[in-house]
Amino acid sequence: MTRAGIPRTVFAGAGAFLLTLAALLRFYVYESVLVLPLEQGRTYRMVALDADYFDTGTLTSHTGVPLVSTTTLSGDAGAGTADTAVWVEFTSLTTATGDRIDYHERRTAFDRRTGMAVDCCESYVDEDPEARQSGLAFRLPFRAEPRSYPMYDTTLRLAVPLRYERQEQINGLRTYRYTYTAGPVKIEDFPEQFPGKVLGLPAWRAIGVSRYAQVTRTLWVEPESGLTVKVEERHRQGLRTPDGIERKESLRADLVMSEEDVDARVSDVRAFTRWVLVVRDLLPAVFLAAGLLLVLWGLRPRRPPRAPEPAGAGPGQPGPAELAGPARSADVFMERVWPPEAAGAGPERERG
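Worth saying up front: this structure is predicted, and the values here are computed from it rather than measured.

Peer 1: Sorry, what's going on with the overall build of the protein here?
Peer 2: Broken down by element type, the protein carries five helices and 14 strands. The contacts in the protein between residues at least 6 apart in sequence include a share of 58% that link residues at least 24 apart. Carbon and sulfur atoms make up 57% of the accessible area of the protein, which amounts to about 20200 Å² in all.

Peer 1: Is there a simple way to explain the nonpolar core in this structure?
Peer 2: Note that soluble globular proteins tend to have their nonpolar side chains buried in a common cluster. Judged by nonpolar contacts, the single largest core of 35 residues is most densely connected at Leu67, Leu140 and Tyr178. Elements with a contribution of two residues or more to this core: strand S1 (41–55), strand S7 (149–153), strand S8 (158–170), strand S9 (173–189), strand S12 (210–222), strand S13 (227–240), strand S14 (246–257) and helix H2 (259–299). With near-sequence residues (within four places) excluded, leucine 140 lies in contact with Tyr149, Met151, Leu162, Tyr178, Leu219, Val221 and Gly226. Grouped together as the second largest cluster of nonpolar side chains are twelve residues, Leu34, Trp87, Phe138 and Val276 included.

Peer 1: Hey, could you run me through the side chain of histidine 104 in this one?
Peer 2: Locating histidine 104 in the fold gives a position in strand S4 (residues 100–111). What makes histidine 104 buried here is its relative accessible area of 14%. A polar atom in the side chain of histidine 104 sits 2.9 Å from the side chain of aspartate 126. Excluding residues that lie within four positions of it along the chain, histidine 104 makes contacts with Glu89, Phe90, Thr91, Asp126, Thr154 and Thr155.

Peer 1: Looking at this structure, I do not really get the pairing of strand S3 (residues 84–95). What am I missing?
Peer 2: Two faces, one strand: in a regular strand the side chains alternate between the faces of the sheet. Most of S3 sits out of view: eleven of its twelve residues are buried. Note that strand S2 (residues 60–75) and S3 share nine bridges and pair antiparallel. Within S3, the residue paired with threonine 71 across the bridge is threonine 91. Alignment of S3 against S4, held across eleven bridges, turns out to be antiparallel.

Peer 1: Just to check I follow, could you spell out the pairing of S8 for this structure?
Peer 2: Bridge count for S7 against S8 is five bridges, and the pairing is antiparallel. Within S8, the position partnered with tyrosine 152 by the bridge is alanine 159. In sequence, S7 turns back onto S8 through a hairpin of four residues, with arginine 157 there showing a positive phi of about 60°. Note that S8 and S9 share seven bridges and pair antiparallel. What sits directly across from arginine 166, in S9, is arginine 177. Hairpin connection, S8 to S9: the antiparallel pair is bridged by two residues, and asparagine 171 has positive phi, about 55°.

Peer 1: Before we go on, may I ask you to explain the side chain of arginine 265 in this structure?
Peer 2: Looking at the element boundaries, arginine 265 is found in helix H2. No salt bridge is formed by the buried arginine 265, whose closest oppositely charged neighbour, aspartate 268, lies at an N-O distance of 5.3 Å. Filtering out sequence-adjacent residues up to four positions away, arginine 265 remains in contact with Arg42, Tyr44, Thr228, Val229 and Met257.

Peer 1: Is there a simple way to explain the packing of aromatic side chains in this structure?
Peer 2: Each aromatic ring pair is summarised here by two numbers: the centre-to-centre distance and the angle between the ring planes. This structure, assessed with the given rule, holds nine aromatic pairs. Residues tyrosine 149 and tyrosine 178 carry aromatic rings whose centres are separated by 6.2 Å and whose planes lie at 70° to one another, so their mutual orientation is edge-to-face. Placement of tyrosine 149 in strand S7 and of tyrosine 178 in strand S9 is noted, with a sequence separation of 29 residues between them. Residue tyrosine 149 is classed as buried on the basis of its relative accessible area, which comes to 4%. Plain terms: the ring middles of tyrosine 164 and tyrosine 178 are 5.8 Å apart, the flat faces sit at 70° to each other, and that makes the pair edge-to-face. Taken together, the positions of tyrosine 164 in strand S8 and tyrosine 178 in strand S9 put the pair 14 residues apart, joining distant regions of the chain. Residue tyrosine 164 is classed as partly exposed on the basis of its relative accessible area, which comes to 25%. By the ring-pair criterion, three or more aromatic residues cluster together here, those being Tyr149, Tyr164, Tyr176 and Tyr178. One cation-aromatic arrangement involves arginine 147 over tyrosine 149; the distance from NZ or CZ to the ring centre is 4.0 Å. In this structure, arginine 240 packs its charged tip against the face of tyrosine 212, placed 4.2 Å from the ring centre.

Here is what the cut-offs are and how they apply
Residues numbered from 1 in each chain as written. Predicted model: local features only at pLDDT ≥ 70, side-chain atom pairs only at ≥ 80, totals over all residues. Heavy atoms only, no water. Helix = DSSP H or I, 4+ residues; strand = E, 2+ residues; numbered from the N terminus. Contact = heavy atoms within 4.5 Å. Areas by Shrake-Rupley, 256 points an atom, 1.4 Å probe, with all protein chains shown as cover. Core = buried A, V, L, I, M, F, W, Y, C linked by side-chain atoms within 4.5 Å. Buried < 20%, exposed > 50% of the residue type's maximum accessible area, 1.4 Å probe, protein only. Polar contact = N/O pair within 3.5 Å; in protein donor to acceptor, adjacent residues only side chain to side chain. Pairing = 2+ DSSP bridges. Lys, Arg positive; Asp, Glu negative; His and termini not counted. Salt bridge = Lys/Arg side-chain N within 4 Å of Asp/Glu carboxyl O. Phe/Tyr/Trp six-rings, centres within 6.5 Å; stacked < 30°, edge-to-face > 60°. Lys NZ or Arg CZ within 6 Å of the ring centre and 35° of its normal.

In C-alpha cells:
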C-alpha cells in the first residue's frame, strides 16, 4: 500500500483503463462516426452574372442576363440502413425573376463510407427509373485523397473522372481542388420541329433538333471531412440538327457558389476539424500520458522495509554497547573484592 493507504494495484488498474479509453477514442469512436448521415437538409446557390440562353418555349434568345442555380438535398432516413443512405437532390436553374430554364431531380442510394452510388432503393434521374447511377453520388468520402475519382453528373447522366489538380486555400482553409470536363453529350430530343429561321436555316424549313450539353465542374474539398466548400460550374448547351451540326447555342452559364454558402461550408468544416482535434488527437493523447504514468507508478518496485531502531538509541543517547561497558566493569570489580576475605575486610581482621 502507498503512504495514503491506496493499494498500488488501484493505480495500475486506473492507468490500464485510461489506456483502453485512449485506444477506443482513437480507433473506434473516431472511425465509427466517419459515415455519411442518413439525414440531410441543405440548400446552396450558384450565380452566373452574365449568361446567355435560348428559350425553347418562346423561341427567343436572351443574352447577358443573371441566372441562379439552386440545389436542395434532403435525406430519406427511412430508406437508409447502417451501410446505405438515400438522398434526393433538386436542382433548378432560373432567371433572376424566377423563370425556370432547366431542372433536374434525382434520388440516389450510396455507400455511407465510400460515397459511391448503389443501385437500389427506387433510385431515379429526372423521373427515369432505368437510369443507372455510378461513381461518387454527391460528394467525396472522408479523408479524401489527392487522386482521381469517378463522379456521376446529373446533366450528362454518366460517371466522369473527377481529377485532382492541386491544393488551394479557401478562406484560410486548406483544400484539394478537383475538376472534370465532359461532353458534348446528347441529353434531349425535342419532339416538335423548330422553324428554320431560329436555327439560321431557310425560313420555310422546319426541322427536328437535339440538345447537347458540355459541363466543366470544379470542386474545392477539405480532405479530412470530405466536405465541398466551394463549387464552380460551366455549362454550355447547343441545339443540333440530325446532321450533327450545332445550329444554335441554347445555354452558356458560368456558375459560382455564393460567398454566403462558401462561408457556411467553411464554418461546417472548422466545426468538424475541432471535433477531430478533440476526439482523435487531444483526448487520446491526454489519456495515454496519464495512463502510462499511473501504470508505471502502480508497477514500480517496492523498497525493502527498514529495520526498526532499538529503543534508547536516538541521538545523544548511549547505545547498548556503551551501557554494557560500565555494567561489565562493576561486575569485574565485585568479583575482585568479594568475598570479603579476598579484600582483607572479614570479621576476624576487624577484631585483630
